Amino acid sequence: MTDIAQDMPWLHRAWQTVQSRVAEDRLPHALILVGERGVGKRAWAEAVGGLLLCDQPLGREAGQAIACGRCKQCELLAAASHPDIRIYAPEKSRMVKVDQVRALSSFAVASPQVAHHKVAIIDRADQLNINAANALLKTLEEPLPDVTLILLQESGRPVLPTIRSRCQTLTVPVPGNSEANHWLASSVKNLPEDAQPSADVLAKALMLAGNAPRLALDYATGDFIGLRDTALDRFKDFMKSRIPAGEAARAFKSMGLEDTLWLFETWAADLARLIVGGSARDADAADMLGFLAKTTPGWRAHELLDMVKESRAAGVYNASPELEASRLLIAWQKLMPVKRPAA
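Residues numbered from 1 in each chain as written. Predicted model: local features only at pLDDT ≥ 70, side-chain atom pairs only at ≥ 80, totals over all residues. Heavy atoms only, no water.

Here is the rule we go by: UniProt positions are given in the numbering used here, feature names are shortened, and annotations may be inferred rather than shown by experiment.
The protein chain appears in an unreviewed UniProt entry as DNA-directed DNA polymerase from Marinobacter flavimaris. UniProt lists a comment for the protein chain under the heading Catalytic activity (unreviewed entry), and it reads "DNA(n) + a 2'-deoxyribonucleoside 5'-triphosphate = DNA(n+1) + diphosphate".

**A closer look at the overall build of the protein chain**
Just so we agree on the cut-off: Put simply, DSSP H or I for four residues or longer makes a helix, DSSP E for two residues or longer makes a strand, and each gets a number counted from the N terminus. Throughout, radius of gyration means the C-alpha value; the globule benchmark is 2.2 Å times the number of residues raised to the power 0.38. Exposure categories follow from relative accessible area, calculated using a 1.4 Å probe and restricted to protein chains: below 20% of the type maximum is buried, above 50% is exposed, and the middle band is partly exposed. Here, residues are in contact when the closest pair of their heavy atoms is within 4.5 Å. Shrake-Rupley sampling with a 1.4 Å probe provides the accessible areas, and residues are treated as covered by the protein chains on show and by no other component. His is not counted here, nor are the chain ends, while Lys and Arg score as positive and Asp and Glu score as negative. Charge placement uses NZ in Lys and CZ in Arg. For Asp and Glu, CG and CD serve respectively.
The helix and strand inventory of the protein chain stands at 16 helices and 5 strands. In terms of C-alpha radius of gyration, the protein chain reaches 22 Å, essentially the compact-globule figure of 20 Å for 343 residues. For the C-alpha atoms alone, the extent of the protein chain along its principal axes is close to 80 × 45 × 35 Å. When the 343 residues of the protein chain are sorted by exposure, 49% land in the buried category. Partitioning the contacts of the protein chain with sequence separation of at least 6, the portion at a separation of at least 24 is 73%. Total accessible area on the protein chain is roughly 16700 Å²; 51% of this is exposed by carbon and sulfur atoms. Here the protein chain contributes 40 positively and 40 negatively charged side chains, and the mean placements of these two sets differ by 5 Å.

**Here's the deal with empty space enclosed by the protein**
Regions of empty space are outlined by a rolling probe, equal in size to a water molecule, passed over the atoms. What counts is decided by this rule: Cavity means a closed set of points on a 1 Å grid over the protein atoms alone, one where a 1.4 Å probe fits but cannot get out, pocket means an open set with protein on both sides within 12 Å along at least 5 of 7 lines, and lining means a residue has an atom within 4 Å of a point. Grid points are joined across faces, edges and corners, and a volume is the space filled by probe spheres set on the points. Amino acids outside the nonpolar list (Ala, Val, Leu, Ile, Met, Phe, Trp, Tyr, Cys, Pro) and the charged list (Asp, Glu, Lys, Arg) are all regarded as polar, and Gly is one of them.
Within the structure shown, the criterion is met by 2 cavities of 30 Å³ or more. One number sums up the size of the largest cavity: a volume of about 50 Å³. Breaking the lining of the largest cavity down by element, the ones donating at least two residues are α9 (199-209) and α13 (257-275). Residue classes in the lining of the largest cavity are distributed as 6 nonpolar, 1 polar and 2 charged.

**Things to note about the pairing of strand β4 (residues 147-154)**
Selection criterion: Paired strands are those between which DSSP finds at least two bridges. The handedness of a crossover follows from its direction of travel: if, with the strands pointing away from the viewer, the path from the first strand over the helix to the second runs clockwise, the crossover is right-handed.
The element β4 is largely enclosed, with a buried count of 8 among its 8 residues. By the alternation rule, side chains of β4 split into Val-147, Leu-149, Leu-151 and Gln-153 and Thr-148, Ile-150, Leu-152 and Glu-154, which are all buried. In terms of strand pairing, strand β1 (residues 30-35) meets β4 through 6 bridges, oriented parallel. Of the residues in β4, the one forming a bridge with Leu-31 is Ile-150. Relative to β4, strand β3 (residues 118-123) is paired through 6 bridges, and the arrangement is parallel. Paired with Ile-122 across the two strands is Leu-151, which belongs to β4. You can see the chain leave β3, run along helix α6 (residues 130-141) and come back into β4, and the turn it takes is right-handed.

**Observations regarding the domain arrangement of the protein chain**
Keep this limit in mind: Where each domain begins and ends follows an automated or database-derived domain assignment.
The domains assigned to the protein chain are domain 1 (4-171) and domain 2 (222-334). Relative placement of domain 1 and domain 2: their C-alpha centres are 34 Å apart.

**Examining the sheet that holds strand β5 (residues 168-171)**
Basically, it comes down to this: An axis is simply a line fitted to the C-alpha atoms; with a helix, the fit covers only the stretch in contact. Between two such axes, the angle follows the N-to-C directions and lies from 0 to 180 degrees.
Taken together, the 5 strands give an open sheet; going across it, the order is β2-β3-β4-β1-β5, and neighbouring strands pair in parallel fashion. The two strands at the open ends of the sheet, each matched to only one other strand, are β2 (85-88) and β5. Direction aside, neighbouring strands of the sheet carry axes that sit 20 degrees apart on average. Helix-sheet contacts for α6 involve β1, β3 and β4, and the interaxial angle to β4 is about 140 degrees.

**Looking at the pattern of salt bridges**
Basically, it comes down to this: What makes a salt bridge here is a side-chain nitrogen of Lys or Arg within 4 Å of a carboxyl oxygen of Asp or Glu, nothing more.
According to the stated counting rule, one finds 24 salt bridges in the structure shown. For the salt bridge of Arg-42 with Glu-46, the shortest nitrogen-to-oxygen distance reads 3.0 Å. Of this pair, Arg-42 and Glu-46 both sit in helix α3 (residues 41-53), 4 residues apart, roughly one helical turn. Judged by relative accessible area, which is 34%, Arg-42 ranks as partly exposed.

**Thoughts on the packing of helix α11 (residues 224-239) against helix α12 (residues 245-253)**
Stated precisely, the cut-off is as follows: For classification, angles of less than 35 degrees are called roughly parallel, those exceeding 145 degrees roughly antiparallel, those between 65 and 115 degrees roughly perpendicular, and all remaining angles oblique. Handedness of each helix crossing follows the sense of rotation of the near helix against the far helix: counterclockwise by less than a right angle gives left-handed, clockwise gives right-handed.
At a minimum axis separation of 8 Å, α11 and α12 run at an interaxial angle of 165 degrees. As the angle between them shows, α11 and α12 are arranged roughly antiparallel. Crossing geometry of α11 relative to α12 is assigned as left-handed. Here Thr-230, Ala-231, Arg-234, Phe-235 and Phe-238 of α11 come into contact with α12, specifically with Ala-245, Ala-248, Ala-251 and Phe-252. Of the residues contributing to the contact of α11 with α12, the split by class is 7 nonpolar, 1 polar and 1 charged.

**Points about the side chain of Asn-211**
Relative to the elements of secondary structure, Asn-211 occurs in the loop between α9 and α10 (213-221). Those residues in contact with Asn-211 that lie beyond four places of it in its chain are Val-174, Pro-175, Gly-176, Asn-177, Ala-180 and Leu-206.

The following block contains the structure:
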């Protein structure tokens, strides 16, 4: 079985830490992996799960253990039918609910069904609601020797300090442009020739994803880029008072709430960077944001970021992408310089 750090070299340090802990029998009962959206946290967690369940890991004595890929456990994992690994992720509410964590707790206290160990992965531990977080805390406070919990956290999204203090935290960096571009170009080669994105599309996907490779792959092979380009055009038209807020907001509706907020968050962060003399990540929006940066104080950009956080919290209650986009658009338009009448 391939070492995941060979497939995704930017995961090397976090992966090597786990390998050395496994070799020394010192792996903690709970890990938090922190990284940007689309950097490969889920793939890393599943690889760790595979290593922990494998009956005959290779290279363990040398501190370079990987799953063998041949034993019964590896075969079950490859078929996505292993009963001793569970993944819990946000559902329709966009949050990890208390019922899911209770199911995790029941899974943790039960005996392994076919392996010698069990692994539970919480994808987006930063999306635990308060009841779920408290329920998870109880499980973390009573660790079991045959269970490993892996919590995945997006950078900038908080996890309760009481949960963090009971886990070992590892961080995954975003790769540089060259490394990310190489991985992305290699990944799309496996697609049918008529479905392979052009070099320009790949470059734009990486730009929009901030070099997060797996997110860039989703962008390059999905419809996000086209939807985003339309939304940006409507955004610019609205800022110049060419169209009303409702018309501009409709362009964001088809993107869904998460991508809409991701886009507004990117623009607000770019505005904050430009205000202090930095550069924008979204090159297509740079001219407009640069114009606003000339007259906007830094606190206004951070106010916009806070509004995105509020909208994300509202998403728990199935808030409308169109309504949240309208609210944010109106806040953005207030940054436009007021034209003074001629004397």
